[in-house]
Structure formats: structure tokens, C-alpha cells
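Here is what each chain is made of, one letter per residue.
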Amino acid sequence: TQNLICYDDDDGIISLSANGGVLPLQYQIDGGTLQDQNFFDNLQAGSYELTVVDENGCDTSLSYTLTQPLQDFVISNFSLSDTLGYCVLCYGDSSGTIDIEVSGGTYPFNYFINGSQDSSPTDSTFNNLVANQDYEFYVIDYLGCFSDTLTVNCNSTPEIEFAVSNQVAPLC
């Protein structure tokens, strides 16, 4: 028997061991179809009614509950380089920094940006981000559970634009 590894997944397994009665034995979960195999897989968290039936139709049942982690594994927050809410301080720069926080999951975590593992895989801070680019972040925990995906635009301050105004020659 295996409880769920990741929150809200469907990787639970119930394996039954039975003896007695008249062989062959058949197995049933939640009133479904009888089967010869003594295990049920791809199950979600929850309670299941398990039944064993022998050749004579005699049966016995029990209830079993599969559990899962207490909370979902999510990126719960992120912070940008600067307290003004910008990822990059100057337009066109590549000095952006984003730090992400996760809740749930099992430590240690591996951090990914745009589908690739970060060069410092266990560091939640991503540096050298380019202004006005979109970045996707996700995290994989020790058990192989995936967090949700966070998409952030690495915004910057507006470009400084200026021009020299026409000069009028002095009349002398």
C-alpha cells in the first residue's frame, strides 16, 4: 500500500493480502467490478471500501483510507530586486533579480526557470534577468512533486528619453 506522494495526485496504491475461503479469490473496490488482481492503483486520496469474494460468493469487506500531504506545493510569493516593484532598475539592463518562496512540498527544492534548472538549483533567487522579458518559474521538491508555475514579467523603469531642443542663434 502506498499513500499519495504529492498533494492532489493519483499515485496511490492499495494492495490486499487475503487467505481462507475457497480459491480463487477476487477483489473489488467501492462496489466496482470484481478482478483477479489483488491491487488497485492510480488512486486519489480518500476512503475506499475493499471487498474480497471467494469461489462460493462469500465475502468480507473493510474500509481503508489513503492519505496525501497536508497542503498543496505552490509558489506562495515572489519579490523583485527593488522595493519600488521593479525587477530591473534601469531600462534595458540585465541586472534583474527575483526571489521566489514556496509553501508545502518536501525540502530540499530544485528551482527551474523557463524549463531549465537554475545554475544554483537549490537557490530560490534568480539573478541577471533581462528587462521586459517574461520568465516562468517552477519548483520540484525532494519527492519529485511539481509546484505550480509562476510567470513574471521582469519589468523595468521607463526608458529615459530626451532630445536637444533647437537653439536659436542670438541676433547681434
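Described in the following lines is the structure provided in the data block. None of the values given here were measured: they were computed from a predicted structure.

The rules behind each value
- Residues numbered from 1 in each chain as written.
- Predicted model: local features only at pLDDT ≥ 70, side-chain atom pairs only at ≥ 80, totals over all residues.
- Heavy atoms only, no water.
- Helix = DSSP H or I, 4+ residues; strand = E, 2+ residues; numbered from the N terminus.
- Patch = residues over 30% accessible without salt bridge, like charges linked within 9 Å, V, L, I, M, F, W, Y side chains within 5 Å.
- Areas by Shrake-Rupley, 256 points an atom, 1.4 Å probe, with all protein chains shown as cover.
- Salt bridge = Lys/Arg side-chain N within 4 Å of Asp/Glu carboxyl O.
- Pairing = 2+ DSSP bridges.
- Axes fitted to C-alpha atoms, helices over the stretch in contact; angles between N-to-C directions.
- Core = buried A, V, L, I, M, F, W, Y, C linked by side-chain atoms within 4.5 Å.
- Buried < 20%, exposed > 50% of the residue type's maximum accessible area, 1.4 Å probe, protein only.
- Contact = heavy atoms within 4.5 Å.

A short note on unusual backbone geometry
A cis geometry characterises the amide bond from L23 onward to P24, with omega recorded as 5°. Along the polypeptide, P24 turns up in the loop between β1 (12-15) and β2 (26-29). Cis geometry marks the peptide bond from Y107 to P108; its omega dihedral reads 5°. Counting through the fold element by element, P108 comes out in the loop between β7 (96-103) and β8 (110-113). With a phi angle near 50°, N114 is a residue other than glycine that sits in the positive phi range. Summarising the element assignment, N114 is placed in the loop between β8 and β9 (116-117).

Considering a nonpolar patch on the surface
Taken together, the side chains of I5, Y142 and L143 present a nonpolar region at the surface, about 300 Å² in accessible area. Along the chain, the position of L143 falls in the loop between β11 (133-140) and β12 (150-154).

Overview of the sheet that holds strand β6 (residues 74-80)
Overall, antiparallel pairing links the 3 strands, which are arranged β6-β7-β10 in an open sheet. Of all the strands in the sheet, just β6 and β10 (125-129) have a single pairing partner and so form its edges. Sheet twist, expressed as the average angle between the axes of neighbouring strands with direction ignored, equals 25°. One ladder, built from 3 bridges, connects β7 with β10; its direction is antiparallel. Across the sheet, residue G96 finds its bridge partner in β10, namely L129.

Things to note about the nonpolar core
Judged by nonpolar contacts, the single largest core of 21 residues is most densely connected at I100, L129, F137 and V139. Those elements giving two or more residues to this core turn out to be β7, β8, β10, β11 and β12. Ignoring any residue separated from it by four or fewer positions in sequence, one finds F137 in contact with I75, I98, I100, F112, I113, F126, L129, D148, T149, L150 and V152.

The analysis is restricted to geometry; functional conclusions fall outside its scope.
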